[in-house]
Amino acid sequence: VFDKTGTLTLESPRLGNPEQLAALPAEARRALFALVRTNLHPFGRSLREALAQHEDPATAVGALSNVPGAGVMLTDTQGVRWTIGKPGWQGSAPAPAGMSAAEFCRDGTRLALFLFAEQSRAYAKEVIDGLRADGVAIFILSGDQPEKVAALLGQLGLPASSGLGGLSPEQKADWIRRHDGATTLMLGDGANDALAFSEATLRGTPVVDLGLLEQKADFYLLGRDLRG
């Protein structure tokens, strides 16, 4: 069983509109860096890498708070509220349909809408083809949109029945519990996989940058492909 985002796809999706980042004033970039500096979400990692290419990767000072299912908020020393998270969280219009995006706001006013494109890990299809040739059944369990899971299944040559999207952490764990967890290997990378990890007999995780599940895993992979 594979998680999708950060496992079969790279942990850092490609920022599709870096010009939005470049157009931000230095104050906003410093606040954004504070929001994503230790954030484990794939979008946070991507923005952190992009910010490191600018001359001012300094971080703003303030109080950080996570809002589950929405994003991250920073209230700086001047009382300004900065947020990065789900489009529409702060009252702006949602992202275009079918696009992965994160909204950056100052006091509820959108400053940028960052768009992201997923990148599959190198050798993902070759690894999965090899496992299937050995008689291993492959499944993808994801909290991401079902249409994105379907697109990845197509890229990997897997039937539609081999993947489910829109799952909560509890639903992932329940799926493994109901599908013979005694013979299941799961690979995942995020907090949403932790419950399912506890149900799988064998657990692995890719570790790049800031890892989350390596302490729970039986093994982990270093590098950016799945051949290990």
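Everything numeric here is computed off the predicted structure, so don't read it as measured data.

Thresholds applied
Residues numbered from 1 in each chain as written. Predicted model: local features only at pLDDT ≥ 70, side-chain atom pairs only at ≥ 80, totals over all residues. Heavy atoms only, no water. Pairing = 2+ DSSP bridges. Helix = DSSP H or I, 4+ residues; strand = E, 2+ residues; numbered from the N terminus. Buried < 20%, exposed > 50% of the residue type's maximum accessible area, 1.4 Å probe, protein only. Arc of directions from axis to C-beta. Contact = heavy atoms within 4.5 Å. Axes fitted to C-alpha atoms, helices over the stretch in contact; angles between N-to-C directions.

Caption draft 1: Spatial organisation of the pairing of strand E2 (residues 62-67). Across six bridges, the pairing between E2 and strand E3 (residues 71-76) is antiparallel. Among the inter-strand pairings, Ser65 is bridged to a residue of E3, identified as Met73. Here E2 folds back onto E3, and the loop between the two strands holds three residues, one of which, Gly69, carries a positive phi near 80°.

Caption draft 2: Focus on helix H6 (residues 146-156). Buried within H6 we find Lys148, Val149, Leu152, Leu153 and Leu156. Burial along H6 is one-sided: seen end-on, the buried residues are contained in an arc of 140°. Those residues of H6 that are buried lie in contact with helix H1 (4-8), strand E5 (100-106), helix H5 (124-133), strand E7 (140-141) and strand E8 (163-164). Positive phi appears at Gly157, one or two residues downstream of H6, with a value of about 75°.

Caption draft 3: Spatial organisation of the sheet that holds strand E11 (residues 219-222). Spatial strand order, E9-E10-E11: three strands in an open sheet with parallel pairing. Each edge of the open sheet carries a strand with a single partner, namely strand E9 (185-187) and E11. The average angle at which neighbouring strand axes cross in this sheet is 20°, direction not considered. In this structure, E9 lies alongside strand E10 (residues 202-207), joined through three bridges in parallel fashion. Looking across to E10, one finds that Met186 is bridged to Arg203.

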